Amino acid sequence: MKAIIILFATAMVILFAGISGKRTWLLPLSVLGLLAALVSLLVDAQMPVISYGGMVRFDAFGLAYSGLTVVAATLIFLLSGYFYRGLKSTVADHYGLLLFSLTGALCMFSFEHMVMLFLGIEILSIPLYVMAGSRMDDLKSSEAALKYFLMGAFATGILLFGITLVYGATGAFEITKIQQALDVKKVYSMPLFNTGLLLIMVGLGFKVSAAPFHFWSPDVYEGSPTLVTTFMATIVKTAGFGAFYKLFVMGFGLETSYWSMTMAILAALTMTVGNLSALRQKNMKRMMAYSSISHAGYLMMGLLSGTPGSKGLFLYLVAYVIATIAVFSVFMLVNKDDDIAGGHFSAFSGMGKSNPIAAFILALSMLSLAGIPITAGFFGKFFLFTGAFSTFPWLVGVAVINSAISIYYYFRVIVEMYFNETENPVKYVIPNTYRIVMLFAALTLIGLAFLPEQVLALVP
């Protein structure tokens, strides 16, 4: 609870600092607020589990996921100083909206009552609808905002309808009471309950861009400012899977085999559609959008392993989030004007010689996303695949084939950097904040290969 209050208070301070014209204070204040929130989460981790009136519950699961998103947000804010260098009076609005959105993500990790889940999703999403269209002179940005808003509103309606049906079957909004209804009333055989469960799955499937609810994702990722795209691809994705796990695994449980088989089919479809679509992309942001869709498919496997799958799911999210932030940090450096034409793969030609540090970070991140040993991504996939193998061996086979397919498009970027020459290579000046993010990403992606137990121990 303290972390949520700190982030909300920081966002308010940032907005007032913006009004008073203290532009140079905005980034340090934001990072200070994020670090204070992280410290409060570490302190709460040493305390007993706290529950507030059956609405929110701060346990090890919620604290671990909250910590991951706060760290990710800190890295994204460190990238924002260079990215927003051309903005004048509206920087405070951008920082404030990102912090409000992060507050919604923390609510989604700690909800006990489904009303809090709904509030968390809305607090997370509404600022991003605005941020997606923040480049007001760009039609692509306006299209992204409109598409994101309409699809988000549509998905929210479906989610609410599903929550209503589940309440009608169980008579409860709280996770613990839903569990009791499943045990006592055996409602998992009722069509009313199963229909509600399916609609909730559709609503959350939109948030994590799972197929066939993913159509908004490539256009929104491409049209939004790259910093906002980074936020969507990491923090929104983590928030969606945190809520998915808490509601379906902790709430509905694997006794309801109906949803687990549906989820397995969606996972296979999502990773296949994502990887096959990524093969045809020549724009970096669209490729990362389809890559994000495919990773949603892998992450859904972590939901199918029950409680033991929570560790693999969390480790994979850590590897995915850090690698994605590192990819976009290099992309923002190369495409410094953030125009869509500058996102072609050819922009990376010759980087291996002209910018060896940035090229190494990008190559390492691509290898991790592809799941190549001995990166963090490899161990994330290892734990996910082994967890799902006992119940869905066919799905693991599909995932292995898809992982092999993904190597092609991730390696296209590496080949462009190290094997394609350009006549006039550009030597980029890397800001110090970008160096910090890149160093942190490199240490994490390599270090997790040797110390995965340290991360696995964070979640129950």
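Residues numbered from 1 in each chain as written. Predicted model: local features only at pLDDT ≥ 70, side-chain atom pairs only at ≥ 80, totals over all residues. Heavy atoms only, no water.

Peer 1: Can you walk me through the pattern of salt bridges in this structure?
Peer 2: Pairing is possible between side chains of opposite charge, provided their charged atoms come close. Under the definition given, this model contains eight salt bridges. In this structure, the salt-bridge partner of K2 is D44, at a minimum N-O distance of 2.7 Å. Of this pair, K2 sits in helix α1 (residues 2-19) while D44 sits in helix α2 (residues 23-45); the two residues are 42 residues apart in sequence, bridging distant segments of the chain. Residue R135 is joined to D138 by a salt bridge in which the shortest nitrogen-to-oxygen separation is 3.3 Å. Using a relative accessible area of 22% as the deciding quantity, one classes D138 as partly exposed. (Salt bridge = Lys/Arg side-chain N within 4 Å of Asp/Glu carboxyl O. Helix = DSSP H or I, 4+ residues; strand = E, 2+ residues; numbered from the N terminus. Buried < 20%, exposed > 50% of the residue type's maximum accessible area, 1.4 Å probe, protein only.)

Peer 1: Mind showing me how you'd approach a nonpolar patch on the surface here?
Peer 2: The grouping of F360, I374, F411, V415, Y418, F419, I446, F450 and L451 at the surface amounts to a nonpolar patch, some 880 Å² of accessible area in total. Secondary-structure elements contributing two or more residues to the nonpolar patch are α17 (393-419) and α18 (432-450). The element best represented in the nonpolar patch is α17, accounting for four residues. Note on placement: I374 falls in the loop between α15 (356-370) and α16 (376-389). (Patch = residues over 30% accessible without salt bridge, like charges linked within 9 Å, V, L, I, M, F, W, Y side chains within 5 Å. Areas by Shrake-Rupley, 256 points an atom, 1.4 Å probe, with all protein chains shown as cover.)

Peer 1: Mind showing me how you'd approach the packing of helix α5 (residues 114-132) against helix α8 (residues 191-207) here?
Peer 2: Think of two packed helices as two axes; the pair is described by the angle between the axes and how far apart they sit. Following both chains from N to C, one finds α5 and α8 inclined at 30°, their axes separated by 12 Å at the closest point. Comparing their axes, α8 and α5 come out roughly parallel. Seen from above, α5 lies across α8 with left-handed handedness. Taking contact as the criterion, the partners of M114, I121, S125 and Y129 in α5 are, on α8, I200, L204 and K207. (Axes fitted to C-alpha atoms, helices over the stretch in contact; angles between N-to-C directions. Parallel < 35°, antiparallel > 145°, perpendicular 65-115°, else oblique. Left-handed = near helix turned anticlockwise from the far one by under 90°. Contact = heavy atoms within 4.5 Å.)

Peer 1: What is the right way to look at the packing of aromatic side chains in this model?
Peer 2: Ring pairs (aromatic) are described by centroid distance and by the angle formed between their planes. Here the structure, examined in full by the defined rule, presents 28 aromatic pairs. Ring geometry for W216 against Y221: centres 6.4 Å apart, planes inclined by 70°, an arrangement best described as edge-to-face. On the accessibility criterion, W216 (3% relative accessible area) is buried. Taking the relative accessible area as the measure of exposure, Y221 reaches 2% and is therefore buried. Here a set of aromatic residues connected by ring pairs shows up, and it is made of Y129, Y148, F149, F206, W216 and Y221. Over the ring of Y82 we find R85, and its NZ or CZ is 4.1 Å from the ring centre. A cation sits over an aromatic face here: K246 above F111, 5.8 Å from the ring centre. (Phe/Tyr/Trp six-rings, centres within 6.5 Å; stacked < 30°, edge-to-face > 60°. Lys NZ or Arg CZ within 6 Å of the ring centre and 35° of its normal.)

Peer 1: What am I meant to see in helix α6 (residues 139-170) here?
Peer 2: Helical geometry note: an α-helix holds 3.6 residues per turn, so side chains three or four residues apart project in the same direction. Helix length check: α6 (32 residues) gives 46 Å between terminal C-alpha atoms against 46 Å at 1.5 Å per residue, within 8%. Between a side-chain oxygen at the N-terminus of α6 and the backbone nitrogen of K140 the separation is 2.8 Å; the capping residue is D138. Count one or two residues on from α6 and you reach G171, which has phi positive near 75°. (Expected span 1.5 Å × (residues − 1). Polar contact = N/O pair within 3.5 Å; in protein donor to acceptor, adjacent residues only side chain to side chain.)

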